[in-house]
Amino acid sequence: MLRTYPMGRPGYHDWMHAPREVSAPTAPAPWQRTALGANLLSPGGGLGVTIFEEMTTLAVQTGAINLGQGFPDEDGPLEIREAARAAIAAGANQYAPGKGIPELREAVAAHQQRFYGLSPDPASEVVITTGATEAIAASLLAFAGPGDEVLTLEPFYDSYGAVIGLSGATHVTAPLLAPDFMPDMAALEAAFSPRTKIVLLNNPHNPTGAVFPREVLQRIVDLARTHNSVIVTDEVYEHLTFGVSHVPVASLPGAADRTITISSAGKTFSLTGWKIGWLTGPENLVAAVRTVKQFLTYSSGTPFQSAIALGLGLPDSFYEGIAASLQNKRDILSEGLRAAGFDVFSPQGTYFVNVDTAPLGITDSVDLARRLPALVGVAAIPVPVFCHEEGAQRTRSLLRFAFCKKDGVLHEAAGRLASLSGRL
């Protein structure tokens, strides 16, 4: 368990001013808290770039295949894209209602009923957002602030740390342990406290690819009830699981009255640039989040909303097909990673596969990630960047690769990776 505080590290100074004698440290500005939460602020206050930007730049400079950032290189279903074009031609080009067009809210509710037996009221318990990222930000800002704690599993998606920092709350973590990246349950229980305002979950989990079973999720729900915590659950990879079923947290006993469930169209339909997401939950929690959301973007992508409503109604064969296709992509890349000499942790979901570089005698995955594009022409993301200091030490030899690419690209990447051990 690790707690980090928004005031920053000892001796911290605002980077815009020279160090000076003061009786108390200067409180960081909101942007500095955000940067610190996302591991972008140095001890001296300097502002860095995200690891995604750094790796993308290296990939461009070297002509490497970029398996760092998790976005597909193929567009989503034609019928959804044609529906968006038709909506634009029909004049759906002005603001949508702040909580989303009725057609999409009804489609989200129908989706929850169809796949999980949940029945949110589309009028009061569903809100459409600018991607899952806005839904997460609005939820955290609605319920957490200075003096509160937000608990996440670690490694954690970097935007979680950023928004927790922006809110002024304290970010508390509990570790996920290789090789299966399940929570250390004793550490998880110890991470809860009377100040745990929000438990922020990601399942299926980025960056590890873990899919948490019912018993693990139920234990988290029980702990949240004991500590009267709100559960915010990011389930954007809900349809991208391999041989296991996704269990929505809100479907578990004791969860429904305290859970905000978040998902989006980007991952399911390979339309990440559209930024259409949604959240569901009990009316009182949804109303609080909507109050914040309406002063962030107010509304999102009107013509895209009706197109995604169509997508949510696609037959089961579509959903089964995208998971099967992605599983095949996972296997193509994993074969090349094993040939490279890595220890490969086969994921049960998401776009990502993690490897341990230690079998190659490498203990610093950040250094290897910076060298990999020039060595073999492939870019990846080091897992320690998704952690606080203690977690970064625990994951210091791990790398994450994205396999949401065309099969031909993955075959080429696998071939390049297979040559790695001879180039070190």
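Residues numbered from 1 in each chain as written. Predicted model: local features only at pLDDT ≥ 70, side-chain atom pairs only at ≥ 80, totals over all residues. Heavy atoms only, no water.

An unreviewed UniProt entry lists the protein under the name Aminotransferase, from Pseudarthrobacter scleromae.

**Here's the deal with the pairing of strand β15 (residues 398-402)**
Our working rule: Each residue gets one of three labels from its accessible area relative to the maximum for its type: buried under 20%, exposed over 50%, partly exposed in between, using a 1.4 Å probe on protein chains only. Helical segments are the DSSP runs of H or I of at least four residues, strand segments are the runs of E of at least two, and each set is numbered from the N terminus. When DSSP finds two or more bridges between a pair of strands, those strands are recorded as paired.
Across the five residues of β15, five count as buried, placing the element largely inside the fold. Here strand β12 (residues 352-356) pairs with β15 via five bridges, running antiparallel. In the strand pairing of β15, Val355 is matched with Leu399. For strand β14 (residues 381-382) and β15, the ladder comprises two bridges, and the chain directions are antiparallel. Its bridge partner lying in β15, Ile381 is registered against Arg400.

**Side note on the pattern of salt bridges**
This is how the line gets drawn: For this analysis, a salt bridge means a side-chain nitrogen from Lys or Arg found within 4 Å of a carboxyl oxygen belonging to Asp or Glu.
Considering all chains together, one arrives at 13 salt bridges under this definition. We note a salt bridge from Glu74 to Lys329, for which the minimum N-O separation is 3.7 Å. Taken as a pair, Glu74 in the loop between β2 (65-66) and α3 (78-89) and Lys329 in helix α12 (residues 316-339) lie far apart in primary sequence, 255 residues in all. Across the pair Arg394 and Glu154 runs a salt bridge, and its minimum N-O distance is 3.3 Å. Note that Arg394 is positioned in helix α14 (residues 389-394) and Glu154 in strand β4 (residues 149-154), a separation of 240 residues in sequence. The buried category is assigned to Glu154, whose relative accessible area is 2%. One continuous salt-bridge network, built from bridges that share partners, spans Glu74, Lys329 and Asp407.

**Observations regarding the UniProt feature "domain: Aminotransferase class I/classII large" (unreviewed entry) in the protein**
Put simply, the rule reads: UniProt positions are given in the numbering used here, feature names are shortened, and annotations may be inferred rather than shown by experiment.
Mapped onto the present numbering, the UniProt feature "domain: Aminotransferase class I/classII large" (unreviewed entry) falls on residues 64-416. Taken end to end, residues 64-416 has its terminal C-alpha atoms 10 Å apart, with 42% of it in helix and 18% in strand.

**Digging into helix α6 (residues 158-167)**
Within α6, nine of the ten residues are buried, which leaves the element mostly enclosed by the surrounding structure. Following α6 by one or two positions, Gly168 adopts a phi angle in the positive range, close to 90°.

**What about the nonpolar core?**
Across soluble globular proteins, nonpolar side chains show a tendency to be buried alongside one another. Which entries qualify depends on this criterion: Buried residues of nine kinds, namely Ala, Val, Leu, Ile, Met, Phe, Trp, Tyr and Cys, make up a nonpolar core once their side-chain atoms join them within 4.5 Å. The criterion used for residue contact is that any of the two residues' heavy atoms lie within 4.5 Å.
Within the largest apolar cluster, 89 residues are counted, with the highest numbers of intra-cluster contacts made by Leu104, Phe269, Ile308 and Phe401. Among all residues touching Phe401, those that are not within four sequence positions of it are Leu67, Leu333, Leu337, Phe342, Tyr351, Phe352, Val353, Val355, Leu372, Val378, Ala380 and Leu417. Judged by nonpolar contacts, the second largest core, of 28 residues, contains Leu151, Phe181, Leu217 and Ile231.

**Some remarks on the sheet that holds β12**
The condition is simple: Helix axes are fitted only over the stretch in contact, all axes being lines through C-alpha atoms; the angle between N-to-C directions runs from 0 to 180 degrees.
Here four strands make up an open sheet; going across it, the order is β11-β12-β15-β14 and the pairing antiparallel. Strands at the two margins of the open sheet, each flanked by one partner only, are β11 (343-345) and β14. Its contacts with the sheet put α12 on β11, β12 and β15, and the angle it makes with β12 is roughly 10°.

**Considering the layout of surface pockets**
Basically, it comes down to this: Residues are said to line a cavity or pocket when one of their atoms sits within 4 Å of a point; the points come from a 1 Å grid over protein atoms alone, cavities being sets where a 1.4 Å probe fits but cannot get out and pockets being open sets with protein on both sides within 12 Å along at least five of seven lines. Grid points are joined across faces, edges and corners, and a volume is the space filled by probe spheres set on the points. Note on residue categories: nonpolar means Ala, Val, Leu, Ile, Met, Phe, Trp, Tyr, Cys or Pro, charged means Asp, Glu, Lys or Arg, and polar means any other residue, Gly included.
Estimated volume of the second largest pocket: approximately 520 Å³. Lining the second largest pocket we find 26 residues, and of these Gly70, Thr133, Tyr157, Lys267 and Lys275 sit closest to its centre. Only α5 (131-143), α6 and α9 (265-269) provide two or more residues apiece to the lining of the second largest pocket. Ranked by residue count, the leading element in the lining of the second largest pocket is α5, at four residues. Counted by class, the lining of the second largest pocket contains eleven nonpolar, ten polar and five charged residues.

**Quick notes on the environment of Asp158**
Mapped onto the secondary structure, Asp158 falls in helix α6. On a C-alpha basis, the gap between Asp158 and Asn39 in space is 8.0 Å, while along the polypeptide they are 119 residues apart. With sequence-adjacent residues up to four places away left out, Asp158 is seen in contact with Ala38, Phe52 and Phe386.

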